[in-house]
Amino acid sequence: MKWDWNAVGDFMPLFWDGLVVTLEALALGSLISFALGLVWALLMRTPSRWMRWPVGVVTEFVRDTPLLVQLFFLFYVLPEWGVTLSALTTGVIGIGLHYSTYTMQVYRAGIEAVPDGQWEAATALNLPVGRTWTAVILPQAIRRVVPALGNYVIAMLKDTPMLMVITVLEMLGQARLYSQEHFQFTEPLTVIGVAFILISYLASLLLRAMERRLVR
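Residues numbered from 1 in each chain as written. Predicted model: local features only at pLDDT ≥ 70, side-chain atom pairs only at ≥ 80, totals over all residues. Heavy atoms only, no water.

Novice: What's the story with the side chain of His98 in this structure? I'm lost.
Specialist: Examined against the element boundaries, His98 turns out to sit in helix α4 (residues 87–113). If near-sequence neighbours (up to four positions away) are discounted, His98 is found in contact with Val62, Arg63, Thr65, Pro66, Leu67 and Gln70. (Helix = DSSP H or I, 4+ residues; strand = E, 2+ residues; numbered from the N terminus. Contact = heavy atoms within 4.5 Å.)

Quick look at the structure:
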């Protein structure tokens, strides 16, 4: 086997297209998972069990079923019910929804780690409930869970190749397409492997920088 730099050069335009799609899916999926996970966590703390019970059932179902099954359901089953989304939109929603059930648990742990004295102080100051959450509890809770949330971003990055099964041409999809057309697998797969390592490493550096900033 010989390494073919010409194949690398031929593949690079497809790689850049796939990289853009991968980063887009990662960024939007992360936003959905962080925002929705926080919503789930807050709803699970409501006094009403009629609110907690359905949220608990939905999040447990999503967390306990494979992401791949969820992607197939969103992409192939929903159109039978009249809901048709683009492949990328489906992938973003699927990843964001799936990982929101994990970030929910991260937020829950962060909220429970806030000392009881903080709640008591907010009550003593007669702060409204909304103000207590936004000004006292959530800033402390989120600061504690940044490392765990960052780990899920990296996990989502490594799951983006699953979007290939619903026709999203992210990096692996582009590599597969090129390999099938040119019968060269080593070069494109090596390129995307290195890309995943570099992106994960850069994300780790960014995460560490955020941790240091929040600790100050």
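On we go from here.
Novice: What should I look at first to understand the pattern of salt bridges in this one?
Specialist: Pairing between side chains of opposite charge can happen when the charged atoms of each approach one another. Across all of its chains, the model carries two salt bridges by this definition. Notably, a salt bridge pairs Glu112 with Arg108, separated by 3.1 Å at the nearest N-O pair. Taken together, the residues span about one helical turn, with Glu112 and Arg108 both in helix α4 at a distance of four residues. You can call Arg108 partly exposed: its relative accessible area is 38%. (Salt bridge = Lys/Arg side-chain N within 4 Å of Asp/Glu carboxyl O. Buried < 20%, exposed > 50% of the residue type's maximum accessible area, 1.4 Å probe, protein only.)

Novice: Help me understand the packing of aromatic side chains in this model?
Specialist: Centre distance and the angle of the planes are the two values used to describe a pair of aromatic rings. For the structure on display, the rule yields 10 aromatic pairs. When the centroid spacing of 6.3 Å and the interplanar angle of 50 degrees are considered together, the rings of Phe11 and Phe15 count as tilted. Remark: Phe15 and Phe11 occur in helix α1 (residues 5–43); sequence separation between them is four residues, near one turn of the helix. Neither Phe11 nor Phe15 differs from the other in exposure class; each is buried. Members of the aromatic cluster, connected to one another through ring pairs, are Phe11, Phe15, Trp16 and Tyr178. If you follow Arg49 out to its NZ or CZ, it ends over the ring of Trp50, 4.4 Å from the centre. (Phe/Tyr/Trp six-rings, centres within 6.5 Å; stacked < 30°, edge-to-face > 60°. Lys NZ or Arg CZ within 6 Å of the ring centre and 35° of its normal.)

Novice: I'm lost on the environment of Thr84 in this one. Help?
Specialist: Within the secondary structure, Thr84 is located in the loop between α3 (67–77) and α4. Put simply, Thr84 and Leu74 are 10 residues apart on the chain and 8.7 Å apart in space, counted from C-alpha to C-alpha.

Novice: Mind showing me how you'd approach unusual backbone geometry here?
Specialist: Most of the time, phi is negative for any residue but glycine, and the peptide bond is trans. Its identity is not glycine, yet Thr167 carries a phi of approximately 75 degrees, on the positive side. As for its position among the elements, Thr167 is in the loop between α6 (129–159) and α7 (171–182). The backbone of Phe183 shows a phi angle near 55 degrees, a positive value even though the residue is not glycine. Considering the arrangement of structural elements, one finds Phe183 in the loop between α7 and α8 (186–215).

Novice: Looking at this structure, I do not really get α4. What am I missing?
Specialist: Owing to its 3.6 residues per turn, the α-helix aligns residues three or four sequence positions apart on the same side. The end-to-end C-alpha distance of α4 is 39 Å, a good match for the 39 Å that 27 residues give at a rise of 1.5 Å each. At Ser100, α4 shows its maximal kink, close to 35 degrees. (Expected span 1.5 Å × (residues − 1). Bend = angle between axes of the 7 residues up to and from the residue.)

Novice: What exactly am I supposed to notice about the side chain of Thr90 here?
Specialist: Residue position: Thr90 is located in helix α4. Engagement of the side chain of Thr90 in a polar contact is seen with the backbone oxygen of Ser86, the distance being 2.8 Å. For Thr90, the residues in contact, after removing those within four places along its chain, are Leu71, Leu74, Phe75, Leu85 and Ile166. (Polar contact = N/O pair within 3.5 Å; in protein donor to acceptor, adjacent residues only side chain to side chain.)

Novice: I keep staring at the packing of helix α2 (residues 49–64) against α4 and nothing clicks. Help me out?
Specialist: Helix-helix packing is characterised by the crossing angle of the two axes and by the distance between the axes. Interhelical geometry of α2 versus α4 gives an angle of 115 degrees and a closest axis separation of 8 Å. Like other packed secondary-structure pairs, α2 and α4 cross with a definite hand, here left-handed. Two secondary-structure elements touch here, α2 through Thr59, Val62 and Arg63 and α4 through Leu97, His98, Thr101, Tyr102, Met104 and Gln105. Of the residues belonging to the contact of α2 with α4, the class tally is four nonpolar, four polar and one charged. (Axes fitted to C-alpha atoms, helices over the stretch in contact; angles between N-to-C directions. Left-handed = near helix turned anticlockwise from the far one by under 90°. Nonpolar A, V, L, I, M, F, W, Y, C, P; charged D, E, K, R; others polar.)

Novice: What is the right way to look at the nonpolar core in this model?
Specialist: Where a protein is soluble and globular, its nonpolar side chains tend to be buried together. One finds Phe11, Phe15 and Met171 to be the most contacted residues of the largest nonpolar core, which totals 29 residues. Residue assignment for this core shows that the elements contributing at least two residues are α1, α3, α4, α6, α7 and α8. No other element matches the eight residues that α1 contributes to this core. Look past the residues within four positions of Phe15 in its chain and what remains in contact with it is Met171, Val191, Ile192 and Ala195. (Core = buried A, V, L, I, M, F, W, Y, C linked by side-chain atoms within 4.5 Å.)

Novice: What am I meant to see in a nonpolar patch on the surface here?
Specialist: On the surface, Leu68, Phe72, Tyr76, Met162 and Val165 cluster together into a nonpolar patch covering about 380 Å² of accessible area. Within the secondary structure, Val165 sits in the loop between α6 and α7. The exposure class of Val165 is partly exposed, given its relative accessible area of 31%. (Patch = residues over 30% accessible without salt bridge, like charges linked within 9 Å, V, L, I, M, F, W, Y side chains within 5 Å. Areas by Shrake-Rupley, 256 points an atom, 1.4 Å probe, with all protein chains shown as cover.)

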